[in-house]
Amino acid sequence: MNIRPRRNRKNAAIREMVQESRLGLENLIFPVFLKDGANIKEEIPSLPNIYRWSIDLLLKEIEGCMELGIRIYDIFPAVEDHLKDQTATMSYDPSNFYLKAIQKIKETFPELVLMSDVALDPYSSDGHDGLLRNGKIVNDDTLPILAKMAVAQAQAGIDIIGPSDMMDGRVGVIRSALDDAGYTDTSIMSYTAKYASAFYGPFRDALNSAPKSGDKKTYQMNTANKSEALIEAQLDVEEGADMIMVKPALCYLDVIHVLKENFATPVTAYNVSGEYAMVHAAAQKGWVDYNAAMNEMLLSIRRAGADGILTYFAKDFAQSLVE
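No experiment lies behind these values; they were computed from the predicted model shown. (Residues numbered from 1 in each chain as written. Predicted model: local features only at pLDDT ≥ 70, side-chain atom pairs only at ≥ 80, totals over all residues. Heavy atoms only, no water.)

### Focus: the pattern of salt bridges
- The full count for this structure, using the stated rule, is 15 salt bridges.
- Residue Lys106 is joined to Asp159 by a salt bridge in which the shortest nitrogen-to-oxygen separation is 2.9 Å. Pair noted here: Lys106 is in helix H3 (residues 97-108) and Asp159 is in the loop between helix H4 (139-156) and strand S8 (160-161), with a separation of 53 residues, a long-range link.
- On the basis of relative accessibility, which here comes to 15%, the residue Lys106 falls in the buried class.
- The exposure class of Asp159 is partly exposed, given its relative accessible area of 26%. (Salt bridge = Lys/Arg side-chain N within 4 Å of Asp/Glu carboxyl O. Helix = DSSP H or I, 4+ residues; strand = E, 2+ residues; numbered from the N terminus. Buried < 20%, exposed > 50% of the residue type's maximum accessible area, 1.4 Å probe, protein only.)

### Quick look at the packing of aromatic side chains
- Using the criterion set out here, one finds 13 aromatic pairs in the structure.
- Each residue in the set Phe33, Phe76, Tyr191, Phe203, Tyr270, Tyr276, Tyr290, Tyr312 and Phe313 is aromatic and connected to the rest through ring pairs, giving one cluster. (Phe/Tyr/Trp six-rings, centres within 6.5 Å; stacked < 30°, edge-to-face > 60°.)

### Quick notes on the layout of surface pockets
- Put simply, the largest pocket is a space of about 180 Å³.
- Along the wall of the largest pocket there are 14 residues; nearest its centre are Asn49, Ile50, Tyr51, Glu61 and Lys315.
- Elements with a minimum of two residues in the lining of the largest pocket: strand S1 (28-35), strand S3 (51-53) and helix H11 (314-322).
- Roughly 150 Å³ of volume is contained in the second largest pocket.
- Considering only residue class, the lining of the second largest pocket consists of 5 nonpolar, 4 polar and 4 charged. (1 Å grid on protein atoms, 1.4 Å probe; cavity = no way out; pocket = protein on both sides within 12 Å on 5 of 7 lines; lining within 4 Å. Points joined across faces, edges and corners; volume = space filled by probe spheres on them. Nonpolar A, V, L, I, M, F, W, Y, C, P; charged D, E, K, R; others polar.)

### Some details on empty space enclosed by the protein
- Taken as a whole and assessed by the stated rule, the structure comprises 2 cavities of 30 Å³ or more.
- As a volume, the largest cavity reaches approximately 80 Å³.
- The class makeup of the residues in the lining of the largest cavity is 3 nonpolar, 3 polar and 6 charged.
- Empty space within the second largest cavity amounts to approximately 30 Å³.
- The wall of the second largest cavity is formed by Phe199, Tyr200, Phe203, Lys247, Tyr270, Val272, Ser273 and Tyr312.
- Counted by class, the lining of the second largest cavity contains 6 nonpolar, 1 polar and 1 charged residues.

Laid out in structure tokens, this is it:
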């Protein structure tokens, strides 16, 4: 045989030399959960080794993660029910503990990069990403609220705005609001192809943000569709998105790939809570090797075309590099 592919696999040095996809800490974004109060490290049963932190302990957690080499963090607020209303007014209130925490984190660690979440659901008494009126999500009336939220976060020090709501036109409205407020350097990583997935359960447990009625299928994408992601991506790029995201990652590797093939804009992916929890559950049963499964999953997302990966594995991956 003239062609023997196994010759390029015969030892570790050759395998590493011809390796097509590489995964490093520079590709990872660590999602963390923030709760109002002090001295809080609250376990999330469906998300092993992930916690809700008060700002004092979160600063210590971030310091430790930065020593491991993690430089980008996505902060999600766990908001008490009494602070929620139908129009999510707390999301842009200067007294919001989330905004104050962002300021504190950036003052303490000015060199790190902070990403936010922009959607109504953490602050909405209805638990939806958009404004609910007469049983329907009102797209256009949601947009000014999202814009106020984004500007408030930029003022607090957020580097990357993350609109996760899936309302039509929100990237353009947010970009205009940021520019008008003088935040022309604030990036937008748009949740471009966010699917109505079954893998969000642990995240909703973490934030107590599940919808109080109905579901999110009128704004999150149909899990059967891929071409629709191209439409969403084209719109987001035209409206000013600096990066486009696919969420979840594992069941949508084909979508990550098609966006990477069709757009010069960087593509990111969210390795969501359910994907993370599955590996933990299987590893606890002894059915898979945790580190091997983690590495294979993250590398597959990179191989599909993701430049950046939001993942709860970030800290474990970082620790595995130094062990």
